Amino acid sequence: MLIRKGILQSLKSVTNIKLGRKAFIDANGMKILYNTSQECLAVRTLDPLVNTSSLIMRKCFPKNRLPLPTIKSSFHFQLPVIPVTGPVAQLYSLPPEVDDVLDESDDNEDADFEAEHEVENEDDLDQNFKRFQSRFFRFYTTHLQNDDIETDINKLRPQQVPGRTIEELKMYEHLFPELVDDFQDYELISKEPKPFVIEGKVRGPIVVPTAGEEASGSSRSVKKGAGVKEKVSPKGEEATEDARGSDRTLPQQLGGQNRAAASAHSFSSDIVKALDRITLQNVPSQVSPGVAAGMRKDCGLPLSVLSCTKACPHVATCGSTLFEGRTGQLGKLCCTGVETEDEEDSESSSSVEQASSVEVPDGPTLHDSDLYIEIVKTTKSVPEYSEVAYPDYFGHIPPPFKEPILERPYGVQRTKIAQDIERLIHQNDILDRVAYDLDNPNYATPEDGDILKFNSKFESGNLRKVIQIRKSEYDLILNSDINSNHYHQWFYFEVSGMRPGIAYRFNIINCEKSNSQFNYGMQPLMYSVQEALNARPWWIRVGTDICYYKNHFSRSSVAAGGQKGKSYYTITFTVSFPHKDDVCYFAYHYPYTYSTLQMHLQKLESAHNPQQIYFRKDVLCETLSGNSCPLVTITAMPESNYYEHICQFRNRPYIFLSARVHPGETNASWVMKGTLEYLMSNSPTAQSLRESYIFKIVPMLNPDGVINGNHRCSLSGEDLNRQWHSPHPDLHPTIYHAKGLLQYLAAVKRSPLVYCDYHGHSRKKNVFMYGCSIKETVWHTHDNAASCDVVEDMGYRTLPKILSHIAPAFCMSSCSFVVEKSKESTARVVVWREIGVQRSYTMESTLCGCDQGRYKGLQIGTRELEEMGAKFCVGLLRLKRLTSTLEYNLPSNMFDFENDLIESSCKVTSPTTYVLDEDEPRFLEEVDYSAESNDELEVELVENTGDYEPSAQEEALSDSEVSRAHMP
């Protein structure tokens, strides 16, 4: 073994130079070394030799060109204004003859220098050296990260800046009618309202105090047609009764198996073939939605085919049938509610607290297939989509079983990389046949029965090109965000033409981040149409042999922000389909389209009780492509138009919520759905919450990005969460006007008590928050003297602490309240600094699962995400109780903020924190088989640093030296 190791070390040194790599390949060294290493796989003690061999072969593997004409998106949208500087400006200034896919010379000329710093992660490394190496990287990482901390206390202190004049902000008055409405024409709960007059005179403007200040509410009426208001809360209408008649939790729904309705038969393969996909033209009104969902509208599939006789064992009946005119029912699609559980603290004694267990909203079924189609017809996309994906049309429910985080089998990454190396050694075995191509409008899908068929031409879809490598292996390429040349992470596509019993391998080959939760137990999602028609309409986690690693496809310097020698990364997973000729969908996370949001809002609006709930759905603005950005207002109606009741109504503090600024973070929309459903429910706790606050909600800040399948950007090609400091009204209209709403509230002395922006996190487990604190930021600069001089209200920690007590997915130790320079233009920091909102948060929800609490070891689903949204509402009610000293006494032992802060000073995970606890345990296979020698540095840094919000620079240069300090 020592002789073999010596030979391998010599080869490793020789192949560090370009000439040595060429000589190694010319001498057929790749094939010889590959065959030799494969003979050693059966003996675990020879793993160090296999690992070194893999490193050598990866280093010598020629860099390949990504098989695309350009790395820019397949779709083009002309911007009304071209930015002067930045990546988008560079994109537009790039000459058309420039090859942006591959550099002229892409061989790594720095290999000799990098080889000197190469470190082998082999089992026989000296343990003392490894310990020293770990300490060095922690030291390096900490100091690298601390450079991003804002150390100027004067800059850290919130300074409310109006930004716009009062006259300019008056354009938002029509979006706040609750501040001026006297409710004289409303039918309120009180039957004998007191006249709104005193001593024969009409009472003047109502004074609405807030935060110790007073402001006069405008007494004039809202101008007719002055805004883009869609609808006003209906007056005097009876509430639509829920078909179920009472609250029921999801377990209770699933428990009612004896009452389950009949469902559909298993369909034959020829019928499923006929159910090709949905189009939006010529939907016959007499056709059942179940039929319309699965066929082109010119296919004359008879209605009699869909007779349903099979009982559904999992889904209880409810008021809405999926197959109209049939006996089959799929229950409450897309409306899962939240588990009921009493998680009150030991201090709970008030009636409000006792009623604050999260209940299933008793509203109507939110999924309506016909309504969804009507909404999709008005949704504007750049590719002008004319098809609808089955899952979005049918709807879906969570599966009635738990989905554990997948255990990583030993050697899976090594095996997959060996298969990639075989492409070079056995080139005659490679088919290299195009199976799908978005760049070629004339491309026709092969009719060969042995090739899968793909499609992504529907709302939120993302798949650009597919190449068949072997009979059951496919390389997939994702589309860039529009007006961008990167951000490849979100995927959502259709697959058909499969055969059961075959293990299909899918490789997404143009990922950019240097690590992923796919290496730590996350699985992609799959939705089967056959399963849905058989009364199992749910997304499930699927895939085996999943790993994420650097591949041999080269990233150009244009794509890598000027850096040369970078490579793309591969997500690979293997799937066996249960049905022949099924139609299946794969997604990065549970899809939630813009049309789904509009459908849900319409259903909530049409079913609420106008005597109890004040609900408005306005249009904040129009997006670049002409879609409306909805703005929702929710609170409780005043008991009457008594002066006292109106005053109490207007005096409620505001809560401002937003979500989905990043299109690929679909989990944020599911959390928002849970919040909206809870706020609109008839539970006593929800009513108490509505009576306590006025909610202003922008549930989707980036509609265009969501519609067109972007991962991070809007149509402007920019990350909207980096535009809050100076948003452009033409390029970033949703951010410009959302900030305008907040500026208007600040101008009338009604700044929100809480601002929270819902996000998703791809590199960390659990749900957690980012907040803003001067003292904690200074502490993390290790300037203890300066931090002692800072006097700060610790109330920003109250809400996260509450959530850590009541929300099983929430993890307090993952929260961070440090303010970084790179985040100065995010919503969280701008609202804190410029609007003066102390409790300004980003709430991050994992895309993978949880490693603590009740859901430890489980992948997260829509049920848990919606529960988090509902628990957030309960947390706000407790926040009111804990901060209202006139009504409640704060328990002395409830929140010892200083102790919590000290105890967690080494646990808070942020880019500016010295992290002692590893974010992820080491997986069994520690070697990173990379062609770039300092990838081992990446691995060590990854395992000794916390998670963070990616900065603008890191998003642009995902393989930069900064990004090497964090686990993506």
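Since this is a predicted model, take the numbers as computed values, not measurements. (Residues numbered from 1 in each chain as written. Predicted model: local features only at pLDDT ≥ 70, side-chain atom pairs only at ≥ 80, totals over all residues. Heavy atoms only, no water.)

### Comments concerning the overall build of the protein chain
Part 1 of the argument: Tallying secondary structure elements over the protein chain gives 31 helices and 27 strands in all.
Part 2 of the argument: Among the 968 residues that make up the protein chain, the fraction classed as buried is 63%.
Part 3 of the argument: Long-range contacts, defined here as pairs at least 24 residues apart, represent 79% of the contacts in the protein chain between residues at least 6 apart. (Helix = DSSP H or I, 4+ residues; strand = E, 2+ residues; numbered from the N terminus. Buried < 20%, exposed > 50% of the residue type's maximum accessible area, 1.4 Å probe, protein only. Contact = heavy atoms within 4.5 Å.)

### Points about the nonpolar core
Part 1 of the argument: Judged by nonpolar contacts, the single largest core of 132 residues is most densely connected at Phe 454 and Phe 506.
Part 2 of the argument: The element best represented in this core is helix α28 (residues 862–883), accounting for 10 residues.
Part 3 of the argument: Excluding residues that lie within four positions of it along the chain, Phe 454 makes contacts with Ala 435, Tyr 436, Leu 463, Val 466, Tyr 474, Phe 493, Glu 494, Val 495 and Phe 506.
Part 4 of the argument: Leu 631, Val 698, Ile 735 and Ala 746 belong to the second-largest nonpolar core, a separate cluster that totals 31 residues. (Core = buried A, V, L, I, M, F, W, Y, C linked by side-chain atoms within 4.5 Å.)

### Digging into the packing of aromatic side chains
Part 1 of the argument: With the rule as written, the count across this model stands at 36 aromatic pairs.
Part 2 of the argument: Note on Phe 454 and Phe 493: the rings are 6.3 Å apart at their centroids and 45° apart in plane angle, and the pair reads as tilted. Of this pair, Phe 454 sits in strand β11 (residues 453–455) while Phe 493 is found in strand β14 (residues 492–496), placing the two residues 39 residues apart along the sequence.
Part 3 of the argument: Ring plane angle 55° and centroid distance 5.5 Å describe the contact between Tyr 527 and Trp 539, whose orientation is recorded as tilted. Of this pair, Tyr 527 sits in strand β16 (residues 525–528) while Trp 539 sits in the loop between α17 (529–533) and β17 (540–541), placing them 12 residues apart in sequence.
Part 4 of the argument: Since its relative accessible area comes to 0%, Tyr 527 is described here as buried.
Part 5 of the argument: Judged by relative accessible area, which is 1%, Trp 539 ranks as buried.
Part 6 of the argument: Taken together, the ring pairs connect Phe 454, Tyr 474, Phe 491, Phe 493, Tyr 504, Phe 506, Phe 518, Phe 573, Phe 577, Phe 586 and Tyr 588 into an aromatic cluster.
Part 7 of the argument: Sitting over the ring of Tyr 736, Arg 164 keeps its end group 3.7 Å from the ring centre. (Phe/Tyr/Trp six-rings, centres within 6.5 Å; stacked < 30°, edge-to-face > 60°. Lys NZ or Arg CZ within 6 Å of the ring centre and 35° of its normal.)

### Re helix α4 (residues 47–60)
Every α-helix carries 3.6 residues per turn, so stepping three or four residues along brings you back to the same face.
Part 1 of the argument: Between the first and last C-alpha of α4 there are 20 Å, a value that for 14 residues agrees with the 20 Å anticipated at 1.5 Å per step.
Part 2 of the argument: Most of α4 sits inside the fold, with 14 of its 14 residues counted as buried. (Expected span 1.5 Å × (residues − 1).)

### A look at the pairing of strand β19 (residues 566–576)
Part 1 of the argument: Within β19, 10 of the 11 residues are buried, which leaves the element mostly enclosed by the surrounding structure.
Part 2 of the argument: Taken together, the seven bridges between strand β15 (residues 503–511) and β19 define a ladder with antiparallel strand orientation. Of the residues in β19, the one forming a bridge with Arg 505 is Thr 574.
Part 3 of the argument: Of the pairings in the sheet, the one linking strand β18 (residues 544–555) to β19 comprises seven bridges and is antiparallel in character. Following the sheet pairing, Thr 544 is matched in β19 by Thr 574. (Pairing = 2+ DSSP bridges.)

### Here we look at the UniProt feature "active site" (unreviewed entry) in the protein chain
Part 1 of the argument: Mapped onto the present numbering, the UniProt feature "active site" (unreviewed entry) falls on Glu 844.
Part 2 of the argument: Locating Glu 844 in the fold gives a position in strand β27 (residues 839–846).
Part 3 of the argument: On the basis of relative accessibility, which here comes to 3%, the residue Glu 844 falls in the buried class. (UniProt positions renumbered as here; feature names shortened; annotations may be inferred.)

### Description of unusual backbone geometry
Part 1 of the argument: Although it is not a glycine, Tyr 487 sits at a positive phi angle of roughly 70°.
Part 2 of the argument: Checked against the element boundaries, Tyr 487 lands in the loop between β13 (473–477) and β14.
Part 3 of the argument: A positive phi is found at Arg 660, a non-glycine position, where the angle reads about 60°.
Part 4 of the argument: Here Arg 660 shows up in the loop between β23 (654–659) and α20 (666–679).

### A short note on helix α14 (residues 369–378)
Part 1 of the argument: Those residues of α14 that sit buried are Ser 369, Leu 371, Tyr 372, Ile 373, Ile 375 and Val 376.
Part 2 of the argument: Capping the start of α14, Asp 368 holds a side-chain oxygen 3.1 Å from the backbone nitrogen of Asp 370, two or three residues further along. (Polar contact = N/O pair within 3.5 Å; in protein donor to acceptor, adjacent residues only side chain to side chain.)

### Quick look at the sheet that holds β16
Part 1 of the argument: An order of β11-β14-β20-β16-β17 is seen for the five strands of this open sheet, with the pairing classed as antiparallel. In this open sheet, the two strands that pair with only one neighbour each are β11 and β17.
Part 2 of the argument: With two bridges joining them, β16 and β17 adopt antiparallel strand pairing. Residue pairing across strands places Leu 525 opposite Arg 541, the latter belonging to β17.

### Comments concerning the pairing of strand β12 (residues 465–470)
Part 1 of the argument: The element β12 is largely enclosed, with a buried count of six among its six residues.
Part 2 of the argument: The sheet contact formed by strand β10 (residues 433–437) and β12 spans four bridges and is antiparallel. In the sheet register, Asp 437 faces β12, and the bridge partner there is Lys 465.
Part 3 of the argument: Note: β12 against β13, five bridges, orientation antiparallel. Within β13, the residue paired with Gln 468 across the bridge is Tyr 474.

### What about the pattern of salt bridges?
For side chains of opposite charge, pairing can occur when their charged atoms come near one another.
Part 1 of the argument: All chains considered together, the criterion is met by 30 salt bridges.
Part 2 of the argument: Between Lys 377 and Glu 374 there is a salt bridge, with the nearest N and O atoms lying 3.5 Å from each other. Taken together, the residues span about one helical turn, with Lys 377 and Glu 374 both in helix α14 at a distance of three residues.
Part 3 of the argument: When its relative accessible area of 46% is taken as the criterion, Glu 374 is described as partly exposed.
Part 4 of the argument: For Arg 464, the salt bridge goes to Asp 439, with nearest N and O atoms at 2.8 Å. With Arg 464 in the loop between β11 and β12 and Asp 439 in the loop between β10 and β11, the pair connects residues that are 25 residues apart, well separated along the chain. (Salt bridge = Lys/Arg side-chain N within 4 Å of Asp/Glu carboxyl O.)

### Let's talk about the environment of Asn 667
Part 1 of the argument: Positionally, Asn 667 belongs in helix α20.
Part 2 of the argument: As for Asn 667 and Tyr 590, which are separated by 77 residues in sequence, their C-alpha atoms are 6.9 Å apart.
Part 3 of the argument: Apart from the residues within four sequence positions on either side, Asn 667 is in contact with His 589, His 759, Gly 760, His 761, Ser 845, Thr 846, Leu 847 and Leu 865.

### Quick look at the sheet that holds β13
Part 1 of the argument: The sheet built from six strands is open, its strands ordered β10-β12-β13-β15-β19-β18 with mixed pairing. Each of the sheet's edge strands pairs with one partner strand only, and the pair in question is β10 and β18. Each adjacent strand pair in this sheet contributes to an overall mean axis angle of 25°, direction not counted.
Part 2 of the argument: Seen against the sheet, helix α16 (residues 412–425) touches β12, β13, β15, β18 and β19 and runs at an angle of roughly 45° to β18. (Axes fitted to C-alpha atoms, helices over the stretch in contact; angles between N-to-C directions.)

### As for the packing of helix α3 (residues 29–39) against α16
Part 1 of the argument: Two elements in contact, α3 and α16, have axes whose closest approach is 10 Å; the angle formed by their N-to-C orientations is 145°. Where α3 crosses over α16, the handedness of that crossing is left-handed. Where α3 abuts α16, its residues Met 30, Lys 31, Tyr 34 and Gln 38 lie against Ala 418, Ile 421, Glu 422, Leu 424 and Ile 425.
Part 2 of the argument: Of the residues assigned to the contact of α3 with α16, the class counts are six nonpolar, one polar and two charged. (Left-handed = near helix turned anticlockwise from the far one by under 90°. Nonpolar A, V, L, I, M, F, W, Y, C, P; charged D, E, K, R; others polar.)

### Focus: the environment of Leu 624
Part 1 of the argument: In this structure, Leu 624 sits in the loop between β21 (613–622) and β22 (628–636).
Part 2 of the argument: Through-space distance from the C-alpha of Leu 624 to that of Ser 716 is 8.2 Å; in sequence the pair is 92 residues apart.
Part 3 of the argument: With residues near it in sequence (within four places) discarded, Leu 624 still touches Phe 77, Leu 79, Pro 80, Asp 704, Leu 715, Ser 716, Asp 730, Leu 731 and Pro 733.

### Brief notes about the side chain of Thr 572
Part 1 of the argument: Within the fold, Thr 572 resides in strand β19.
Part 2 of the argument: Here Thr 572 falls in the buried class, since its relative accessible area comes to 0%.
Part 3 of the argument: Within the structure, Thr 572 has its side chain in polar contact with the side chain of Arg 505 (distance 3.0 Å).
Part 4 of the argument: For Thr 572, the residues in contact, after removing those within four places along its chain, are Lys 416, Arg 505, Phe 506, Asn 507, Asp 545, Ile 546, Cys 547 and Tyr 549.

### Considering the side chain of Lys 765
Part 1 of the argument: The residue Lys 765 is located in the loop between β25 (754–761) and β26 (767–770) in this model.
Part 2 of the argument: Classification of Lys 765 as buried rests on a relative accessible area of 5%.
Part 3 of the argument: Of the polar contacts made by the side chain of Lys 765, one reaches the side chain of Gln 517; its length is 2.9 Å.

### A closer look at the packing of α4 against α16
In helix packing, the relevant descriptors are the interaxial angle and the interaxial distance, both defined with respect to the helix axes.
Part 1 of the argument: Two numbers describe how α4 lies on α16: the axes approach to 11 Å, and their chain directions differ by 40°. Here α16 runs oblique to α4, going by the angle between their axes. Like other packed secondary-structure pairs, α4 and α16 cross with a definite hand, here left-handed. Side by side, α4 and α16 meet where Asp 47, Val 50, Asn 51, Ser 54, Met 57 and Arg 58 of the first sit next to Arg 414, Ile 417 and Ile 421 of the second.
Part 2 of the argument: Per-class residue counts for the contact of α4 with α16 are four nonpolar, two polar and three charged. (Parallel < 35°, antiparallel > 145°, perpendicular 65-115°, else oblique.)

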